[in-house]
Amino acid sequence: MTNEMCVEQLTNIVKEVVLTASKEHNNLIFQNVTELSDQIVKKILQLDLKIRFYSNDVKRRNVVIYGIKEDEDESWEQIMNQVLSILNTVMQMDVQRSEIDNCYRLGKRNHKYPGRPLLVKFVTEWRKVEMLKKGHKLKGRKLWVDEDYTKEVMERRKELIPKMMGIRKSGKFAILKKDKIFVNGIELEETGDEEQNETADVNVKMKKTDTAGRQVEPKKIRQSKSKKK
């Protein structure tokens with residue numbers, strides 16, 4: 001065997017060893033990167049859940065009042081007095097000033113509208129619930145109250161409003177509860193393609209839950225045949 005053949009064989013052996021080692025090394029790196037990526041994704045999901053929980057916990061005592069006219073140079077004291085006047089005089093609640101943690105306008109001033117929404121932070125959650133229950137007392141005053149929803153829920157509600165209005169035009173009673181559409185107290189599950197959803201003729205499938213939270217099918221009402229006289 002000549003020296004050239006020996007060198008060639010040794011070169012091929014070295015190449016195979018290097019390629020094998022390189023593949024094993026790459027596989028090991030890929031495995032480590034995959035495991036690290038999975039850990040990062042898991043941490044992100046955990047943080048997202050914590051942020052959502054914190055956001056909901058912070059907002060659970062808040063109420064937003066819409067329709068209160070805004071003065072050019074109104075002070076915090078004036079806003080507080082307006083809120084207390086609405087709560088105690090109009091809505092007939094007996095709220096003390098110490099029961100309101102804070103109140104302020106939301107967003108940037110826009111002169112096209114009479115006033116920005118007003119956020120009210122109660123000290124206790126039951127006061128917020130009481131105010132929402134008595135929201136009907138504001139009827140006819142161009143004022144209304146709603147919960148302080150998260151940004152995600154607000155965006156979802158904006159998407160659902162046209163669909164809800166389409167259902168109302170079809171002669172059904174539809175309302176929004178948080179980020180769900182309800183027709184006559186029954187939650188609606190959307191079906192159909194995007195084009196159908198954008199029109200007034202929204203195809204929806206009703207679903208109803210029992211007291212245990214399990215989904216049940218709406219009962220069909222059987223029509224009894226009238227007896228012949």
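Keep in mind the model is a prediction, meaning the values are calculated, not measured.

Thresholds applied
- Residues numbered from 1 in each chain as written.
- Predicted model: local features only at pLDDT ≥ 70, side-chain atom pairs only at ≥ 80, totals over all residues.
- Heavy atoms only, no water.
- Helix = DSSP H or I, 4+ residues; strand = E, 2+ residues; numbered from the N terminus.
- Buried < 20%, exposed > 50% of the residue type's maximum accessible area, 1.4 Å probe, protein only.
- Contact = heavy atoms within 4.5 Å.
- Areas by Shrake-Rupley, 256 points an atom, 1.4 Å probe, with all protein chains shown as cover.
- Salt bridge = Lys/Arg side-chain N within 4 Å of Asp/Glu carboxyl O.
- Pairing = 2+ DSSP bridges.
- Axes fitted to C-alpha atoms, helices over the stretch in contact; angles between N-to-C directions.
- Phe/Tyr/Trp six-rings, centres within 6.5 Å; stacked < 30°, edge-to-face > 60°.
- pLDDT = per-residue confidence, 0-100.
- Polar contact = N/O pair within 3.5 Å; in protein donor to acceptor, adjacent residues only side chain to side chain.
- Core = buried A, V, L, I, M, F, W, Y, C linked by side-chain atoms within 4.5 Å.

Turning our attention to the overall build of the protein chain. Scanning the protein chain from N- to C-terminus turns up five helices and nine strands. For the protein chain, the proportion of its 229 residues judged to be buried stands at 25%. Excluding contacts between residues fewer than 6 apart, the proportion of contacts in the protein chain whose partners are at least 24 apart in sequence is 48%. Summing over all exposed atoms, the protein chain offers an accessible surface of approximately 18,000 Å²; the carbon and sulfur share of this is 54%.

All told, the structure shown has twelve salt bridges when counted by the stated rule. For Lys-128, the salt bridge is made with Glu-147, and the minimal N-O distance between the two is 3.2 Å. Of this pair, Lys-128 sits in helix α3 (residues 125-133) while Glu-147 sits in strand β4 (residues 144-147), and the two are 19 residues apart along the sequence. Accessibility expressed as a relative area gives 32% for Glu-147, which makes it partly exposed. Of the charged contacts, one joins Asp-146 and Arg-157 as a salt bridge, the two residues approaching to 3.4 Å between their closest N and O atoms.

To continue, consider the sheet that holds β4. Hydrogen bonds along the backbone pair up the strands of a sheet, which may run parallel or antiparallel. Strand order in this open sheet of four strands is β2-β3-β1-β4, and the pairing throughout is antiparallel. The open sheet has two free edges, formed respectively by β2 (100-105) and β4, since each of these has just one partner strand. In this sheet, adjacent strand axes meet at a mean angle of 25° when their direction is disregarded.

With that out of the way, let us pick up the packing of aromatic side chains. As enumerated under the stated definition, the model contains one aromatic pair in all. Centroid distance Tyr-66 to Trp-144: 5.3 Å. Interplanar angle 5°. Geometry classified as stacked. Taken as a pair, Tyr-66 in strand β1 (residues 62-66) and Trp-144 in strand β4 lie far apart in primary sequence, 78 residues in all. Residue class for Trp-144 comes out partly exposed when judged on its relative accessible area of 47%.

Here the protein chain shows a mean pLDDT of 76. Residues at 70 or above account for 74%. Confidence scores differ between elements of the protein chain, with helix α5 (residues 194-198) showing the lowest mean pLDDT of 42 and strand β3 (residues 118-122) the highest of 94. A low-confidence stretch, residues 193-229 (pLDDT under 50), is modelled with 39 contacts involving residues beyond four sequence positions or located in other chains.

On to unusual backbone geometry. Generally, phi is negative for residues other than glycine and the peptide bonds are trans, each holding for most cases. You will see that Gln-92, though not glycine, has its phi angle at about 55°, which is positive. You will see that Lys-142, though not glycine, has its phi angle at about 60°, which is positive. With respect to the element layout, Lys-142 can be found in the loop between α3 and β4. Judged by its relative accessible area of 74%, Lys-142 is exposed.

Before going further, it helps to examine the environment of Gln-96. The residue Gln-96 is located in the loop between α2 (76-90) and β2 in this model. Taking the C-alpha atoms as reference points, Gln-96 and Leu-84, twelve residues apart in sequence, are found 7.9 Å from one another. Separated by 3.4 Å, the side chains of Gln-96 and Asp-94 make a polar contact.

Attention now moves to the nonpolar core. One finds Val-83, Leu-87, Ile-100, Leu-118, Val-120, Phe-122 and Met-131 to be the most contacted residues of the largest nonpolar core, which totals 22 residues. Looking at this core, the elements that each hand over two or more residues are β1, α2, β2 and β3. At seven residues, the largest contribution of residues to this core is made by α2. Contacts of Val-120, omitting those with residues within four sequence positions, involve Arg-61, Asn-62, Val-63, Ile-65, Val-83, Ile-100, Asn-102 and Cys-103. Formed by eight residues, the second largest nonpolar core is a distinct cluster that contains Ile-167, Ala-174, Ile-181 and Leu-188.

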